[in-house]
Amino acid sequence: MCGRVTVRTSPDQLVVELGLAGIRAAVDRPRFNLAPTQLMPVVPNDGARMLDAFRWGLIPSWAKDASIGNKLINARGETVAEKPSFRSALKRRRCLVVVDGWYEWKQSTKPKTPFLFHREDDKPLALAGLWEEWTAPDTGEVLRTCTIITTGPNALMAPIHDRMPVILSPQAQEVWLRPEPQEAAVLLPLLVPAVDGGMEAYEVSRVVNIPTNDVPACVERVAA
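Not measured: the values here are computed from a predicted model.

Trainee: For this particular structure, what's the right way to read the overall build of the protein?
Mentor: Per the secondary structure count, the protein includes four helices and 13 strands. Against the globule reference of 17 Å for 224 residues, the protein gives a C-alpha radius of gyration of 17 Å, in line with a compact fold. Taken along its principal axes, the extent of the C-alpha atoms in the protein is 50 × 40 × 35 Å. Sequence separation of at least 24 residues holds for 67% of the intrachain contacts in the protein that already meet a minimum separation of 6. By element, 54% of the accessible surface of the protein is carried by carbon and sulfur atoms, the whole surface being about 10,300 Å². Of the side chains in the protein, 26 bear a positive and 26 a negative charge, and the two mean positions are spaced by 5 Å.

Okay, here's the thing in structure tokens:
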């Protein structure tokens, strides 16, 4: 599971790094411990190539209430084309979820040990995501929400956890952001572990274990 991320890169820099047209909405401060139900930087496949901000935790359009989003923060790449919660979004509503790191906890230690995964150059990562628009039946409030697609681990990830987010290459991003409906046969080959190299993982303080601890200490390296 990918359940906690960092977004320390400024919105303006995200626009530059990803070659976007501009900013429609943005996460307005550096996030050191961004958690589900909070706003996440995304680029939806609406043809505009604009940075936006959607709530993390997918709420399908047919859902009766928003609580289902708490269970749909990730979608498994192996089954995303089959699951009712995701298959329509895979075909029509894809997005890049833009972060610069994610946390995972090593399960074999007691207590579990948190690690931060990021690019060695600290540049942003474009994760494969899906998005939905949901209208609250009682209030009419419209929410745009997203989920992160995960896959099996690469060599860096495997010692820590058996899942990792799908990181899209620049070429894969172009396919993923096509505004036209796409068949699963075109998209599923993109949902693979990241190639090895160019990234690192290091142990961080257990201060990150508490979601409300959104402070620089979360990303500080624990001395070996």
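The structure having been displayed, the exposition proceeds.
Trainee: Just checking my understanding: could you explain the side chain of Asn45 for this structure?
Mentor: Position of Asn45 relative to the elements: it lies in the loop between strand E4 (39-44) and strand E5 (50-56). Within polar-contact distance, the side chain of Asn45 engages the side chain of Trp131 at 3.0 Å. When near neighbours in sequence (up to four residues on either side) are disregarded, Asn45 contacts Arg92, Arg93, Arg94, Trp131, Trp176, Leu177, Arg178 and Pro179.

Trainee: Which parts of the structure should I look at to understand the side chain of Glu104?
Mentor: By secondary structure assignment, the location of Glu104 is in strand E8 (residues 101-106). Summary of buried charges: Glu104 has no salt-bridge partner, and the nearest side chain of opposite charge, Lys112, is 7.6 Å away. The contacts of Glu104, once residues within four sequence positions are left out, are Met1, Cys2, Thr113, Pro114, Phe115, Phe117, Met157, Ile160 and His161.

Trainee: I'm lost on the sheet that holds strand E1 (residues 5-7) in this one. Help?
Mentor: Strands pair in a sheet through their backbones, by hydrogen bonds, and they do so in one of two ways: parallel or antiparallel. Ordered by their spatial adjacency, five strands build an open sheet running E3-E1-E8-E9-E13, and the pairing between neighbours is antiparallel. The open sheet terminates on both sides in strands that have one partner only, identified here as strand E3 (31-34) and strand E13 (199-203). On average, each strand axis in the sheet is tilted by 25 degrees relative to the strand beside it, whichever way the strands run. Bridge count for strand E9 (residues 113-119) against E13 is five bridges, and the pairing is antiparallel. The residue of E13 that forms the bridge with Phe117 is Ala201.

Trainee: Looking at this structure, how should I read the environment of Leu34?
Mentor: Within the secondary structure, Leu34 sits in strand E3. Residue classification places Leu34 among the buried positions, given a relative accessible area of 0%. When neighbours within four sequence positions are excluded, Leu34 is seen to be in contact with Gly3, Arg4, Val5, Val7, Leu39, Met40 and Trp56.

About the criteria used
Residues numbered from 1 in each chain as written. Predicted model: local features only at pLDDT ≥ 70, side-chain atom pairs only at ≥ 80, totals over all residues. Heavy atoms only, no water. Helix = DSSP H or I, 4+ residues; strand = E, 2+ residues; numbered from the N terminus. Rg over C-alpha atoms; globule rule 2.2 N^0.38 Å. Contact = heavy atoms within 4.5 Å. Areas by Shrake-Rupley, 256 points an atom, 1.4 Å probe, with all protein chains shown as cover. Lys, Arg positive; Asp, Glu negative; His and termini not counted. Charge placed at Lys NZ, Arg CZ, Asp CG, Glu CD. Polar contact = N/O pair within 3.5 Å; in protein donor to acceptor, adjacent residues only side chain to side chain. Buried < 20%, exposed > 50% of the residue type's maximum accessible area, 1.4 Å probe, protein only. Salt bridge = Lys/Arg side-chain N within 4 Å of Asp/Glu carboxyl O. Pairing = 2+ DSSP bridges. Axes fitted to C-alpha atoms, helices over the stretch in contact; angles between N-to-C directions.

Honestly, it's all geometry; don't read function into it.
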